[in-house]
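Examining the three-dimensional arrangement
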Amino acid sequence: MPEAPEKFNTAMTTWQEWQDAPWGRLRYAIAEANLARHLGGLGSGPLRILDVAGGDGGDALRLAARGHHVTIVDYAPAMLAAAAERASAAGLTELITCVQADVTALPADLADGEFDVVLCHNLLQYVDDVPGTLASVLALLKRGGLFSVMAINRHSAALNIAVREMDPAAALAALSTDQLRTQMFDSTLTLHTAEEIIPLLQSLGCLDVQHYGIRSFCDYITDDARKYDPAFYADLEQLELATSARPPYMHTARLFQLTARNGTRKAQP
């Protein structure tokens with residue numbers, strides 16, 4: 001991982017405020033709905049889920065609330081401490097396990113485990129070797145298991161700048177770069193598109209790849225204050241859910257989410 005964990009530790013307050021904001025709530029609600037389309041086909045009992053770079057448990061707690069056992073892996077201690085606190089407050093401690101580790105150096109008991117579901121959300125923009133990272137994470141998933149990948153959509157960058165900053169020159173420049181500076185974690189991110197990641201997943205043996213968009217409209221509505229109105233937010237959430245898998249909206253959504261089945265068979269020792 002190229003970023004130091006201290007950057008994520010020191011940004012905890014800002015990160016938690018972002019999660020509580022309408023756009024943060026939409027990110028998690030839509031991702032959960034997209035996953036729910038596929039979880040039923042994995043069996044009737046509780047699933048074993050691995051949330052790689054799972055931070056403070058935004059995805060994990062929603063899945064644990066559905067009765068699944070979730071292991072969160074992250075290398076920022078403050079994020080994991082917050083995840084444990086949230087799990088305790090929600091009465092989900094027995095369903096949440098927190099592990100401090102780098103995705104490139106997982107403990108043996110995780111590396112050898114075959115999980116029913118593996119989440120790789122908001123990790124790709126921080127790594128240099130995307131194919132290698134995807135291969136390493138996918139190896140943790142059982143054959144037929146569900147893989148979910150999420151990242152910032154590069155197609156949204158220029159549109160976001162043009163609409164929210166009203167700066168066409170900067171939007172034009174954004175068309176020629178895959179780099180984005182984030183103030184929250186004081187990091188330079190590398191942006192990707194679903195069209196680039198889908199062939200990578202398929203080359204790694206993934207089947208039935210599905211493309212979803214997250215926040216297809218929210219980020220292009222400039223009246224942020226109105227999004228805090230419960231009625232407006234409820235309507236916006238319904239609109240986002242209705243278009244998460246509907247072309248052309250997912251192609252310009254702020255985030256893309258890809259789900260797939262692991263079609264590879266692990267080599268026998």
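Structure's up top.
Residues numbered from 1 in each chain as written. Predicted model: local features only at pLDDT ≥ 70, side-chain atom pairs only at ≥ 80, totals over all residues. Heavy atoms only, no water.

Before going further, it helps to spend a moment on the overall build of the protein. When its secondary structure is counted, the protein shows twelve helices and nine strands. Radius of gyration (C-alpha) of the protein: 18 Å, near the 18 Å computed for a compact globule of 269 residues. C-alpha extents for the protein along the principal axes are approximately 55 × 40 × 35 Å. Scored against the burial criterion, the 269 residues of the protein give a buried share of 49%. Excluding contacts between residues fewer than 6 apart, the proportion of contacts in the protein whose partners are at least 24 apart in sequence is 78%. Of the roughly 12200 Å² of accessible surface on the protein, a fraction of 53% belongs to carbon and sulfur atoms. (Helix = DSSP H or I, 4+ residues; strand = E, 2+ residues; numbered from the N terminus. Rg over C-alpha atoms; globule rule 2.2 N^0.38 Å. Buried < 20%, exposed > 50% of the residue type's maximum accessible area, 1.4 Å probe, protein only. Contact = heavy atoms within 4.5 Å. Areas by Shrake-Rupley, 256 points an atom, 1.4 Å probe, with all protein chains shown as cover.)

Bringing the sheet that holds strand β4 (residues 115–121) into the picture now. The seven strands are arranged β3-β2-β1-β4-β5-β9-β8 in an open sheet whose pairing can be described as mixed. What marks the edges here is a single partner per strand, and that holds for β3 (96–100) and β8 (206–214). The mean angle between the axes of side-by-side strands here comes to 15 degrees, regardless of whether they run parallel or antiparallel. As paired elements, strand β1 (residues 48–52) and strand β2 (residues 69–74) share five bridges and run parallel to each other. In the strand pairing of β2, V52 is matched with V73. With respect to the sheet, helix α5 (residues 77–89) is in contact with β2 and β3, its orientation differing from that of β3 by roughly 170 degrees. Helix α10 (residues 194–203) contacts β5 (141–152), β8 and β9 (255–262) of the sheet and is inclined by roughly 160 degrees relative to β8. (Pairing = 2+ DSSP bridges. Axes fitted to C-alpha atoms, helices over the stretch in contact; angles between N-to-C directions.)

The next thing to look at is the nonpolar core. Within the largest apolar cluster, 30 residues are counted, with the highest numbers of intra-cluster contacts made by V118, L124, L134, F147, I197 and L201. Those elements that place two or more of their residues in this core are β1, β4, α7 (130–138), β5, α10 and β9. Not counting chain neighbours up to four residues away, the residues in contact with I197 comprise L124, V130, L134, H192, F256 and L258. Formed by 20 residues, the second largest nonpolar core is a distinct cluster that contains L39, V70, A87 and L92. (Core = buried A, V, L, I, M, F, W, Y, C linked by side-chain atoms within 4.5 Å.)

Geometrically, the link from P247 to P248 is a cis peptide bond, its omega value of 0 degrees lying close to zero. Counting through the fold element by element, P248 comes out in the loop between α11 (230–243) and α12 (249–252). The residue N122 is not glycine, and still its phi comes out positive at about 60 degrees. As for its placement among the helices and strands, N122 is situated in the loop between β4 and α7. You can call N122 partly exposed: its relative accessible area is 22%. Of note, the phi angle at D208 is positive, near 55 degrees, even though the residue is not glycine. Within the element layout of this structure, D208 appears in strand β8.

The contact between helix α3 (residues 22–39) and α11 brings their axes to 10 Å, and the two run at 40 degrees. Relative to α11, the element α3 lies oblique. Two packed elements cross with a definite hand, and for α3 against α11 that hand is right-handed. Taking contact as the criterion, the partners of P22, R25, L26, A29, I30, A33 and R37 in α3 are, on α11, Y233, L236, E237, E240 and L241. Split by residue class, the contact of α3 with α11 holds eight nonpolar, no polar and four charged. (Parallel < 35°, antiparallel > 145°, perpendicular 65-115°, else oblique. Left-handed = near helix turned anticlockwise from the far one by under 90°. Nonpolar A, V, L, I, M, F, W, Y, C, P; charged D, E, K, R; others polar.)

What follows deals with α3. For α3, built from 18 residues, the straight-helix expectation of 26 Å at 1.5 Å per residue is met to within 8% by its first-to-last C-alpha distance of 25 Å. Taken across its 18 residues, α3 has 14 buried, putting it largely inside the fold. (Expected span 1.5 Å × (residues − 1).)

Now for the environment of V70. Looking at where V70 falls in the secondary structure, it is placed in strand β2. Here V70 falls in the buried class, since its relative accessible area comes to 1%. With 23 residues separating them along the chain, V70 and L47 place their C-alpha atoms 8.1 Å apart. When sequence neighbours within four positions are dropped, the list of residues in contact with V70 reads I49, D51, A60, L63, A64, L95, I96 and T97.

For the rest of this paragraph, the subject is the pairing of β4. For β4, a buried count of seven out of seven residues is recorded, marking the element as mostly surrounded by other parts of the structure. As defined by bridge partners, β1 adjoins β4 across four bridges and the pair is classed as parallel. The residue bridging D51 from the neighbouring strand is L119, located in β4. In this structure, β4 lies alongside β5, joined through six bridges in parallel fashion. Each bridged residue has a counterpart across the sheet, and for V117 the counterpart in β5 is L146. Taken together, β4, α7 and β5 constitute a β-α-β crossover, and its handedness is right-handed. (Right-handed = clockwise from strand over helix to strand, strands pointing away.)

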